[in-house]
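Here is how the chains run, residue by residue.
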Amino acid sequence: MLKIEHLTKAFGDKLAVDDLTLHIAPGEIYGFIGHNGAGKTTTLRSVAGIQQFDKGEIRIAGHSVRTEPLECKRALAYIPDNPDLYDFMSGIKYLNFIADIFGVGADERAERIRRWAGEFELTDDLAQPIAAYSHGMKQKLAIISAWLHEPKLILMDEPFVGLDPKAAHILKGMMREHCGSGGAIFFSTHVLEVAEKLCDKVAIIRRGRLVRSGTMEEVRGDDSLEEVFLELEEDAK
């Protein structure tokens, strides 16, 4: 589903991502773990096609992000850590706008909006301008919009930050359902507990470099990562 090969991105003299290689298969919830500033967001933005990178290749469902950007964007959805939505729109207008972009039919969009807005208890707020939404409401709206066109790959940057416990539980269920139907999810977190309970596989990045990848059991069993785990636990406090 997603193949990242030797991804490298520098900002001036600083290497934000250094020769990163990861493969994510259909059906996998893949956690990307690292402390703040480790290179997680740069990687996700590069995969989403909104951050140019210096070296390497990224392929989504067989398509190159460099040479086939539209095919890649059709196959994915990206939720940043702080969703920047169109505040002048109402919630329902925004969702219809996203559905129009991806060519989602009227019946399909109506059913999906009804379902997910109901799950997140957002139905009564869809007529309100997004400018009046709280951060948590904007996060829920961004999640619904990401699921609207049933993408093959969903990218999320710290998706549980700002969500109340009930909304976080709903999102976890959505993630499992998506991957159960053959999709894949690649999301960043600095909270080990989230990764342990949710992910099929994880990758740990530190100072731009991949430290370890595999199942959580494999990663947790690596005694050489004790210092990394201590950093992450300190970040989560």
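So, a few notes on the structure that sits alongside this text.

### Quick notes on the sheet that holds strand β4 (residues 55-60)
The strand order across the open sheet formed by four strands is β2-β1-β4-β5, and the pairing between neighbours is antiparallel. Because the sheet does not close on itself, it has two edges, and the strands there are β2 (14-24) and β5 (63-64). Across seven bridges, the pairing between strand β1 (residues 2-11) and β2 is antiparallel. What sits directly across from L7, in β2, is L20. Against the sheet, helix α1 (residues 40-48) touches β1, β2 and β4, its axis set at about 120° to β1.

### Some points on the pattern of salt bridges
Under the criterion given, the structure shown has eleven salt bridges. A salt bridge links K166 to E121; the shortest N-O distance between them is 2.6 Å. With K166 in helix α6 (residues 165-180) and E121 in the loop between α4 (106-119) and α5 (135-147), this pair connects stretches of sequence that are 45 residues apart. Of the residues examined, K166 reaches a relative accessible area of 46% and is grouped as partly exposed.

### Quick word on α6
Along its 16 residues, α6 runs 23 Å from first to last C-alpha, staying within 8% of the 22 Å computed at 1.5 Å per residue. Within α6 the residues assigned to the buried category are A167, A168, I170, L171, M174, M175, H178 and C179. Projected down its long axis, α6 shows its buried positions confined to an angular sector of 165°, all on one face. Exposed side chains of α6 directed beyond 90 degrees from the buried face belong to P165, H169 and G180. Two or three places before K166, at the start of α6, stands the capping residue D164, its side-chain oxygen 3.1 Å from that residue's backbone nitrogen. Of the residues one or two after α6, G182 is the one with positive phi, at around 105°.

### Thoughts on the side chain of H149
Its location among the elements puts H149 in the loop between α5 and β7 (153-157). Residue classification places H149 among the buried residues on the basis of a relative accessible area of 13%. Polar contacts involving the side chain of H149 include one to the main-chain carbonyl oxygen of L76, which spans 3.1 Å. Setting aside residues up to four positions removed in sequence, H149 forms contacts with K73, R74, L76, A77, F102, V104 and R112.

### A word on the sheet that holds β7
Read across the open sheet, the six strands follow the order β6-β7-β8-β3-β9-β10; overall the sheet is mixed. Among the strands making up the open sheet, the edge pair consists of β6 (76-79) and β10 (209-214). In this sheet, adjacent strand axes meet at a mean angle of 15° when their direction is disregarded. Bridge count between strand β3 (residues 29-33) and strand β8 (residues 184-189): five bridges; the pairing is parallel. Across the sheet, the residue bridging to I29 is I185, located in β8. Contacting β3, β6, β7, β8 and β9 (201-206), α1 runs over the sheet at an angle of about 150° to β7. Strands in contact with α5 are β6, β7 and β8; relative to β6, the strand with the most contacts, it is inclined by about 175°.

About the thresholds
Residues numbered from 1 in each chain as written. Predicted model: local features only at pLDDT ≥ 70, side-chain atom pairs only at ≥ 80, totals over all residues. Heavy atoms only, no water. Pairing = 2+ DSSP bridges. Helix = DSSP H or I, 4+ residues; strand = E, 2+ residues; numbered from the N terminus. Contact = heavy atoms within 4.5 Å. Axes fitted to C-alpha atoms, helices over the stretch in contact; angles between N-to-C directions. Salt bridge = Lys/Arg side-chain N within 4 Å of Asp/Glu carboxyl O. Buried < 20%, exposed > 50% of the residue type's maximum accessible area, 1.4 Å probe, protein only. Expected span 1.5 Å × (residues − 1). Arc of directions from axis to C-beta. Polar contact = N/O pair within 3.5 Å; in protein donor to acceptor, adjacent residues only side chain to side chain.

Keep in mind that these numbers describe shape and distance, not what the molecule does.
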